[in-house]
Amino acid sequence: MSEIICHCFEVSREEIENAIREKGLKTVEEVGEATNAGTGCGGCQEQIQEILDEINGK
C-alpha cells in the first residue's frame, strides 16, 4: 500500500508519481489538476513538490 500524501482526497504517493510520469507534470498546480492532490487544505503541497523534484531531477 502506497503512502497517502493528500489526506483530503486520499491521493497516494503512487498515484501522484504515476500522474507526474505519464503526463509530464512539472508543478504542484498541474498535479492538483490531474489528481486533486493539494487542492483541499494545501498541507501536502510541500510533499508534492518534493516528489516532483525527485522525479524531474531538480
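Reading the values: rules and limits
Residues numbered from 1 in each chain as written. Predicted model: local features only at pLDDT ≥ 70, side-chain atom pairs only at ≥ 80, totals over all residues. Heavy atoms only, no water. Helix = DSSP H or I, 4+ residues; strand = E, 2+ residues; numbered from the N terminus. Rg over C-alpha atoms; globule rule 2.2 N^0.38 Å. Buried < 20%, exposed > 50% of the residue type's maximum accessible area, 1.4 Å probe, protein only. Contact = heavy atoms within 4.5 Å. Salt bridge = Lys/Arg side-chain N within 4 Å of Asp/Glu carboxyl O.

(A) Broad picture of the overall build of the protein. Counting secondary structure elements, the protein contains three helices and two strands. Tracing the protein from N to C terminus, the helices and strands come up as β-β-α-α-α. Computed over C-alpha atoms, the radius of gyration of the protein comes to 10 Å, within 12% of the 10 Å expected from 2.2 N^0.38 for 58 residues, which places it in the range of a compact globule. Counting only C-alpha atoms and orienting by the principal axes, one finds that the protein spans roughly 25 × 25 × 15 Å. The buried share of the protein, reckoned over its 58 residues, is 34%. In the protein, of all internal contacts separated by at least 6 residues, the share reaching a separation of at least 24 is 49%.

(B) View of the pattern of salt bridges. For the structure on display, the rule yields four salt bridges. Here arginine 13 and glutamate 17 are joined by a salt bridge, their closest N and O atoms 3.2 Å apart. Placement of the pair is arginine 13 and glutamate 17 together in helix H1 (residues 13-23), with a separation of four residues, close to one helical turn. We classify arginine 13 as partly exposed; its relative accessible area is 23%. Using a relative accessible area of 19% as the deciding quantity, one classes glutamate 17 as buried. Close ionic contact of arginine 21 with glutamate 17 constitutes a salt bridge, the shortest N to O distance being 3.9 Å. In this pair, arginine 21 and glutamate 17 both sit in helix H1, four residues apart, roughly one turn of the helix. Three or more residues are tied together by salt bridges with common partners; here these are Glu3, Arg13, Glu17, Arg21 and Glu54.

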